[in-house]
Amino acid sequence: MHVRGAARVKRAGRPLTAAVLTLLVLLTGCTSAPEPSGKERWRPGPGIGWQWQLSGRLDPTVDVPVYDIDGFDHKASAVDDLHRRGRKVICYLSTGAWEDFRPDAGKFPASVRGKSNGWEGEYWLDIRRTDVLEPLMERRIEMCADKGFDAVEPDNMDGYRNRTGFPLTAADQLRYNRLIARIAHRHGLAVGLKNDLGQIPELEPDFDFAVNEQCAQYEECGLLTPFVKAGKAVFHVEYELPVSRFCAESRRLGLSSLLKKYELGVEREECPKART
């Protein structure tokens, strides 16, 4: 898991008008978009509730519309169960770092592995090497699609801002992040931009939502407003601030905010509803 850049340095019938579509987004918190293949892609709207659980035994009983869980650790049956409960399910994957504990770890040559990203067993990838990484990431994202996930959360998408062991540039990161988005869309999956706040103006059109860690702590949440203005969800988590320190601003900005522990287990504290 990468914490997380900031912490370290569809319906038949008459066609719907744009106004009606906008109203549906506001009422339901999500919509879907047709792909060139004819398959509809889910798009979550601003303010939708969520649960992010990447460790511990999965608790499927949290009453929220969206779950974000590890793509490797969970079988299709777990995704199916969440769907039966009315949830949309996001597939967490690392696309910018090599993890030595993943079943496909041996397929990554040493030449594309860089420095540690600060988490045990995780090392930055040379994202310039798309000749090596594109087929590997295609298989990972295809796995998410085959398991029935609705979306992908690709992690470690801001290597160019870190000491990776490679001379990565902002242009390298833009090319790679757009590649990951295209792969996800090819498989009919929504895709979220993880952190990488500095490139939101360029990348927002390519992504269906955003996932952010600690923008309140680092006073950066305003940078995520292009997603909200575009009718796209921003799934946001804080680890060190109490909800009293960020929820009012989160509501004002239209973020889907949680307080979680760093291990991202079952525990969560949701922002209280605004008083009316």
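Residues numbered from 1 in each chain as written. Predicted model: local features only at pLDDT ≥ 70, side-chain atom pairs only at ≥ 80, totals over all residues. Heavy atoms only, no water.

Novice: I keep staring at the side chain of Asp172 and nothing clicks. Help me out?
Specialist: You can see Asp172 is positioned in helix α4 (residues 170-186). Given the relative accessible area of 10%, Asp172 is considered buried. A distance of 2.6 Å separates a polar atom in the side chain of Asp172 from a polar atom in the side chain of Arg175. Filtering out sequence-adjacent residues up to four positions away, Asp172 remains in contact with Ile127, Arg128 and Pro167. (Helix = DSSP H or I, 4+ residues; strand = E, 2+ residues; numbered from the N terminus. Buried < 20%, exposed > 50% of the residue type's maximum accessible area, 1.4 Å probe, protein only. Polar contact = N/O pair within 3.5 Å; in protein donor to acceptor, adjacent residues only side chain to side chain. Contact = heavy atoms within 4.5 Å.)

Novice: Quick question: what am I supposed to make of the packing of helix α3 (residues 130-146) against α4 here?
Specialist: What describes two packed helices is the angle between their axes and the distance between those same axes. Two elements in contact, α3 and α4, have axes separated by 10 Å at closest approach and are oriented at 35°. The handedness of the crossing between α3 and α4 comes out as right-handed. Residue-level contacts link Thr130, Leu133, Glu134, Met137, Glu138 and Ile141 of α3 to Tyr176, Leu179, Ile180, Ile183, Ala184 and Arg186 of α4. When its residues are assigned to classes, the contact of α3 with α4 shows 8 nonpolar, 1 polar and 3 charged. (Axes fitted to C-alpha atoms, helices over the stretch in contact; angles between N-to-C directions. Left-handed = near helix turned anticlockwise from the far one by under 90°. Nonpolar A, V, L, I, M, F, W, Y, C, P; charged D, E, K, R; others polar.)

Novice: I keep staring at the sheet that holds strand β7 (residues 113-116) and nothing clicks. Help me out?
Specialist: Ordered in space as β6-β8-β7, the 3 strands form an open sheet in which the pairing is antiparallel. In this open sheet, the two edge strands, each paired with only one partner strand, are β6 (97-99) and β7. On average, each strand axis in the sheet is tilted by 40° relative to the strand beside it, whichever way the strands run. As paired elements, β6 and strand β8 (residues 122-125) share 3 bridges and run antiparallel to each other. Looking at the pairing, Glu99 lines up with Glu122 of β8. (Pairing = 2+ DSSP bridges.)

Novice: Explanation requested: the side chain of Gln51 in the structure shown.
Specialist: You can see Gln51 is positioned in strand β3 (residues 50-53). Look at Gln51 and you get buried, because its relative accessible area is 0%.

Novice: Can you help me understand the sheet that holds strand β12 (residues 234-238) in this one?
Specialist: Sheet strands pair by backbone hydrogen bonding; their relative direction is either parallel or antiparallel. Judged by pairing direction, the sheet is mixed, and its 9 strands sit side by side in the order β3-β4-β5-β9-β10-β11-β12-β13-β14 without closing on themselves. The open sheet has two edge strands with one neighbour each: β3 and β14 (269-270).

Novice: Before we go on, may I ask you to explain the packing of aromatic side chains in this structure?
Specialist: Aromatic rings in a pair are described by how distant their centres are and how their planes are angled relative to each other. Enumeration over the complete set of coordinates arrives at 6 aromatic pairs. Seen in terms of ring centroids, Trp98 and Tyr123 are 5.9 Å apart; in terms of plane orientation they differ by 40°. Their pairing is tilted. Residue Trp98 is located in strand β6, and its partner Tyr123 is located in strand β8; the two are separated by 25 residues in the primary sequence. Its relative accessible area of 31% is what places Tyr123 among the partly exposed residues. (Phe/Tyr/Trp six-rings, centres within 6.5 Å; stacked < 30°, edge-to-face > 60°.)

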